[in-house]
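The chain contents come next:
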Amino acid sequence: MDYVIEWDDAIVGIEVKSNHEKTTTGLVTFRNAYHPKLAFIVGYEGIEVETFLQMDIRKLFE
């Protein structure tokens, strides 16, 4: 897990993939350990970087 954001007792995890690596062990482990409101991949096989950078981060916690 590359980034963890906490707001009002809610947790969001963000895994960044910059290559064709398909391993998501960190994402799965994070989900099992912390039960986040949301956890996702930015980059390869996830949300496009450009799309993520334009997002309103507050909406992740709605």
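Note that the structure is a prediction, hence the values are computed from the model and not measured.

Cut-offs applied
Residues numbered from 1 in each chain as written. Predicted model: local features only at pLDDT ≥ 70, side-chain atom pairs only at ≥ 80, totals over all residues. Heavy atoms only, no water. Helix = DSSP H or I, 4+ residues; strand = E, 2+ residues; numbered from the N terminus. Buried < 20%, exposed > 50% of the residue type's maximum accessible area, 1.4 Å probe, protein only. Core = buried A, V, L, I, M, F, W, Y, C linked by side-chain atoms within 4.5 Å. Contact = heavy atoms within 4.5 Å. Pairing = 2+ DSSP bridges. Axes fitted to C-alpha atoms, helices over the stretch in contact; angles between N-to-C directions.

Describe unusual backbone geometry, naming the residues involved and giving the relevant values.
Of note in this structure, Asp 9 is not a glycine but carries a positive phi near 65°. Structurally, the position occupied by Asp 9 is in the loop between β1 (3-7) and β2 (10-17). Look at Asp 9 and you get exposed, because its relative accessible area is 76%. We note that His 35 has phi near 50°; this positive angle belongs to a residue other than glycine. When you line up the elements, His 35 lands in the loop between α1 (25-34) and β3 (38-43).

Please set out the nonpolar core residue by residue, giving values where relevant.
Core analysis: the largest hydrophobic core is formed by eight residues, namely Ala 10, Val 12, Ile 14, Phe 40, Val 42, Phe 52, Leu 60 and Phe 61. Going through the elements one at a time, β2 and β3 are the ones with two or more residues in this core. A per-element tally of this core places β2 first, with three residues. Leaving out residues up to four positions away in the same chain, Phe 52 has contacts with Ile 14, Phe 40, Val 42, Ile 47 and Ile 57.

Quick rundown of the sheet that holds β3? Include the residues and the values.
To summarise the sheet geometry, strands pair through backbone hydrogen bonds and adopt either a parallel or an antiparallel arrangement. Spatially, the three strands line up as an open sheet ordered β1-β2-β3, and their pairing is mixed. Bordering the open sheet on either side are β1 and β3, each of which pairs with just one other strand. Geometrically, the sheet is characterised by an average inter-axis angle of 20° between neighbouring strands, direction not taken into account. Looking at chain direction, β1 and β2 are connected through five bridges and run antiparallel. What sits directly across from Trp 7, in β2, is Ala 10.

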